Amino acid sequence: LIEIGSGLGNVVDLLSTKTPFQCSGSDISSVAISRATKKYQNNKFYCFDIKSKELNVEDFGKYDIVILNQVLWYVLEDIDAVFHNASKLLNDKGVFVISNAFTNEQRYGREVVDGFGGLVQYIQNNQKGKFKLKHASLNEYNSIMYADGIVVLETLNPT
């Protein structure tokens, strides 16, 4: 399992204690990766930009699960590259999980992904043949500011 945008590694460490998976993390910040590596020595951490069109994912191994947790808005402008790189990180029949908060009044990136429904629509329109939508749900918790969404995809044709 690898979490993209793992920051200081707190979620990676939590997952490593709660799941049977070997857990890794990645982040664009070398400072965050350095700190995570020192604090959580039982996990592997890598510094790379998941948006990079030149990313050589072979350097980071293959995974059964790739998690994009609360970083969708940071990678939105290069979302096609993110999906491409995630598929390259995944084993055959691997799972790509996107978990993110969706504000009730989204102002950024609506032309790419307009809310949770827009994310699902983007996947259906742009990732057909690459990923199969296994689950999509939005939990609003009666919040006046945001709702938490989760999308679970299975890779069809790893590249």
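For the structure, check the block above.
Just so it is clear, the model here is predicted, and its values are computed rather than measured.

Colleague: In this structure, what is going on with unusual backbone geometry? I would like to understand it.
Modeller: A positive phi angle, close to 60 degrees, is found at Gln 70, a residue other than glycine. Relative to the assigned elements, Gln 70 resides in the loop between strand S4 (63-69) and helix H3 (72-75). Look at Gln 70 and you get partly exposed, because its relative accessible area is 36%. Look at Lys 93: it is not a glycine, yet its phi comes out positive at around 65 degrees. Looking at the secondary structure, you find Lys 93 in strand S5 (residues 90-103).

Colleague: Quick question: what am I supposed to make of the pairing of S4 here?
Modeller: Every regular strand shows the same layout, with side chains that alternate between the two sheet faces. The buried count for S4 comes to six of seven residues, which makes it a mostly enclosed element. Two elements, strand S1 (residues 2-4) and S4, share three bridges in a ladder whose sense is parallel. Within S4, the position partnered with Ile 2 by the bridge is Val 66. As paired strands, S4 and S5 are joined by six bridges and run parallel to one another. The partner of Tyr 63 across the bridge, within S5, is Leu 90.

Colleague: Mind showing me how you'd approach the sheet that holds strand S6 (residues 131-139) here?
Modeller: Consider a sheet: its strands pair through backbone hydrogen bonds, and that pairing is either parallel or antiparallel. The strand order S3-S2-S1-S4-S5-S7-S6 describes an open sheet built from seven strands, whose pairing is mixed. Strands at the two margins of the open sheet, each flanked by one partner only, are strand S3 (44-47) and S6. Ignoring which end each strand starts from, the neighbouring axes of this sheet average 15 degrees apart. In terms of strand pairing, S6 meets strand S7 (residues 146-155) through eight bridges, oriented antiparallel. What sits directly across from Lys 132, in S7, is Glu 154.

About the cut-offs
One numbering rule holds for all chains: residues counted from 1, following each sequence as written. Note on the predicted model: pLDDT of at least 70 is required for a residue's local features to be given, and 80 or more for side-chain atom pairs to be given and counted; whole-chain, interface and lining totals, by contrast, use all residues. No hydrogens and no water enter the side-chain calculation; it runs on all heavy atoms of the structure. Each helix is a run of H or I in the DSSP string that is no shorter than four residues. Each strand is a run of E no shorter than two, and both are numbered from the N terminus. Residue burial is assigned from relative accessible area. The probe radius is 1.4 Å, only protein chains are included, and a residue is buried under 20% of its type maximum, exposed over 50%, and partly exposed in between. At least two DSSP bridges between two strands are required for those strands to pair. In this description, a line fitted to the C-alpha atoms serves as the axis of each element, helices being fitted only across the stretch in contact, and the angle between N-to-C directions of two axes falls anywhere from 0 to 180 degrees.

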